[in-house]
Amino acid sequence: MKKVRIGIVGLGRLGRAHANNLAFGVPAAELVAACSVVPAELEYAKNELGVAKTYADFGEMCQDPDIDAVVIVSPSTFHPEQISLALKAGKHIFCEKPLAVTLDECYATEKEVEQYPDLVFMLGFMRRYDPSYAYAKKKIDEGAIGKPYLVKATGVDPDADAESLLDSGYVPKSGGIMMDMASHDIDLMRWFLGDDPEEVYAIGSTVKHPRFAEQGDVETACATFSFKNGAMGQLHVGRAAVHGYHIETEIIGTEGSIRVSPVPAKNLAVIYDKHGVVQECVRNFPERFQQAYVEEMKEFVDCVQNGKKPGVVVHDGTAATQICEAAQKALVTKGVVKI
């Protein structure tokens, strides 16, 4: 079968990971073009990935007749415009989350995507493609834990990155900790529980790094969600995990429960030494979800080749943004917010 010819925009940390996967890890894909306003990133694409065509203008890349699909890994504010350009050029689209940075933009973009039903559109909620999460969903669908009624999710970034995050000037522009950090966990809650939340209450605090408060945000936050079908969600997000990058999820059902990554282990090795029994932890999201990024891109390419619909659709992006926005409002107002 003919390979899917892909152009990518954005070659930062995550963009490079996607580009490497497309170039070397997804046999049915061929990375033929790259777009960036940073010359060094284009040189990287040519010299390290063997990309033949490079562009500084995304609209120009979309007009290339040799490109079947585009992968968008640019800054979030560019997503709606770039999605629109790609759709009008007849390109299939994989777009990293978020769909857009405001709910109005999400609604408009979702409506535009729906006008092109013959084009594949997939959003990058990669955790659904992580082998452990995919296995948990399979067991839930098989009835292994009965009816799921509670998801408890934790997502905390490494404390080692906190000061550089504060120094970067990113925090005041992030939209708040819920908008910045909660979307993947919220997407998993919707996926595991098969429903949307209708109400949220949230609280937050800053204990270790006062500069988060000085920059108008919090260091850690918790939220409780009430779902339309009677299910519940508990969320903890933060920015100061001293042991590494901590992602943990527990799904509780009427007949049992499933826990994913209660210890964010780097691998299956356990060290026995003078410090006791030690498991090393993963340090960042590219390391933790390396295989998930490959698997989601394989699904995107398969959908393009075979005319299928992906497991993550445009509405999932709108829903995640809507729920994150409500959670952020609940955090700021210290009250219950209807979704």
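Conventions and cut-offs
- Residues numbered from 1 in each chain as written.
- Predicted model: local features only at pLDDT ≥ 70, side-chain atom pairs only at ≥ 80, totals over all residues.
- Heavy atoms only, no water.
- Pairing = 2+ DSSP bridges.
- Helix = DSSP H or I, 4+ residues; strand = E, 2+ residues; numbered from the N terminus.
- Axes fitted to C-alpha atoms, helices over the stretch in contact; angles between N-to-C directions.
- Contact = heavy atoms within 4.5 Å.
- Buried < 20%, exposed > 50% of the residue type's maximum accessible area, 1.4 Å probe, protein only.
- Polar contact = N/O pair within 3.5 Å; in protein donor to acceptor, adjacent residues only side chain to side chain.
- Phe/Tyr/Trp six-rings, centres within 6.5 Å; stacked < 30°, edge-to-face > 60°.
- Salt bridge = Lys/Arg side-chain N within 4 Å of Asp/Glu carboxyl O.
- Core = buried A, V, L, I, M, F, W, Y, C linked by side-chain atoms within 4.5 Å.
- Expected span 1.5 Å × (residues − 1).
- Arc of directions from axis to C-beta.
- UniProt positions renumbered as here; feature names shortened; annotations may be inferred.
- 1 Å grid on protein atoms, 1.4 Å probe; cavity = no way out; pocket = protein on both sides within 12 Å on 5 of 7 lines; lining within 4 Å.
- Points joined across faces, edges and corners; volume = space filled by probe spheres on them.

## Re the sheet that holds strand S4 (residues 69–72)
Alright, step 1. Ordered in space as S3-S2-S1-S4-S5-S6, the six strands form an open sheet in which the pairing is parallel. In this open sheet, the two strands that pair with only one neighbour each are strand S3 (53–55) and strand S6 (121–124). Strand-to-strand twist in this sheet, taken as the mean axis angle between neighbours without regard to direction, amounts to 25 degrees.
Alright, step 2. With six bridges connecting them, strand S1 (residues 4–9) and strand S2 (residues 29–35) associate as parallel partners. When the sheet's bridge partners are listed, Arg5 is paired in S2 with Glu30.
Alright, step 3. Sitting on the sheet, helix H12 (residues 290–306) touches S1, S2, S4, strand S5 (92–96) and S6, and the angle it makes with S5 is about 160 degrees.

## A short note on the pairing of strand S12 (residues 256–260)
Alright, step 1. As paired elements, strand S11 (residues 246–253) and S12 share five bridges and run antiparallel to each other. Among the inter-strand pairings, Gly253 is bridged to a residue of S12, identified as Gly256.
Alright, step 2. Here S11 hands over to S12 after two residues, the two strands then running antiparallel side by side.

## Topic: the side chain of His246
Alright, step 1. Within the secondary structure layout, His246 lies in strand S11.
Alright, step 2. The exposure class assigned to His246 is buried, which follows from its relative accessible area of 12%.
Alright, step 3. In terms of polar contacts, His246 uses its side chain to reach the side chain of Glu248, at 2.9 Å.

## What about the packing of aromatic side chains?
Alright, step 1. Applying the stated rule across the entire model yields three aromatic pairs.
Alright, step 2. Pairing Phe94 with Phe300 gives two aromatic rings, centres 5.8 Å apart and planes at 65 degrees, and the pair type is edge-to-face. Within this pair, whereas Phe94 is found in strand S5, its partner Phe300 is found in helix H12, the two being separated by 206 residues in sequence. Phe300 carries the same exposure label as Phe94, and that label is buried.
Alright, step 3. An angle of 40 degrees between the planes, with centres 6.3 Å apart, marks the rings of Tyr133 and Phe192 as tilted. Taken as a pair, Tyr133 in helix H6 (residues 131–141) and Phe192 in helix H9 (residues 183–193) lie far apart in primary sequence, 59 residues in all. By the burial criterion, Tyr133 is buried, and Phe192 matches it.

## A word on the pattern of salt bridges
Alright, step 1. For the structure on display, the rule yields 24 salt bridges.
Alright, step 2. Asp217 is the partner of Arg239 in a salt bridge, and the nearest nitrogen-oxygen pair spans 2.9 Å. Of this pair, Arg239 sits in strand S10 (residues 232–241) while Asp217 sits in the loop between helix H10 (211–214) and strand S9 (220–227), and the two are 22 residues apart along the sequence. With respect to class, Arg239 is no different from Asp217; both count as buried.

## Things to note about the nonpolar core
Alright, step 1. Residues Met178 and Phe225 are the most contacted members of the largest nonpolar core, which totals 98 residues.
Alright, step 2. At eight residues, the largest contribution of residues to this core is made by helix H13 (residues 314–333).
Alright, step 3. Once residues within four sequence positions are removed from consideration, Met178 is found in contact with Ser183, Ala202, Ala221, Cys222, Ala223, Leu235, Val237, Cys324, Ala327, Gln328 and Leu331.

## Some thoughts on the sheet that holds S9
Alright, step 1. Judged by pairing direction, the sheet is mixed, and its seven strands sit side by side in the order S12-S11-S7-S10-S9-S8-S15 without closing on themselves. On the outer flanks of this sheet lie S12 and strand S15 (337–338), each paired with one strand and no other.
Alright, step 2. Its contacts with the sheet place H6 against strand S7 (148–158), S11 and S12, and it is angled at close to 170 degrees to S12.
Alright, step 3. Contacts from H9 reach S7, strand S8 (197–205), S9, S10 and S11 within the one sheet, and its direction differs from that of S7 by about 160 degrees.

## A short note on helix H1 (residues 13–25)
Alright, step 1. Between its first and last C-alpha atoms H1 spans 17 Å; for 13 residues at 1.5 Å apiece the expected length is 18 Å, and the two agree.
Alright, step 2. Within H1 the residues assigned to the buried category are Leu14, Gly15, His18, Ala19, Asn21 and Leu22. Within H1, the buried residues cover an arc of 160 degrees as seen down the axis, which keeps them to one side. Facing away from the buried side of H1 by more than 90 degrees, the exposed set consists of Arg13 and Phe24.

## A closer look at the UniProt feature "domain: Gfo/Idh/MocA-like oxidoreductase N-terminal" (unreviewed entry) in the protein chain
Alright, step 1. According to UniProt, the positions carrying the feature "domain: Gfo/Idh/MocA-like oxidoreductase N-terminal" (unreviewed entry) are residues 4–119.
Alright, step 2. Helix and strand shares over residues 4–119 are 44% and 22% respectively, and the end C-alpha atoms of the span are 13 Å apart.

## Focus: the layout of surface pockets
Alright, step 1. Volume-wise, the second largest pocket comes out at about 290 Å³.
Alright, step 2. Contributing to the lining of the second largest pocket are 14 residues, with Ser132, Ser261, Ala265, Lys266 and Arg288 lying nearest its centre.

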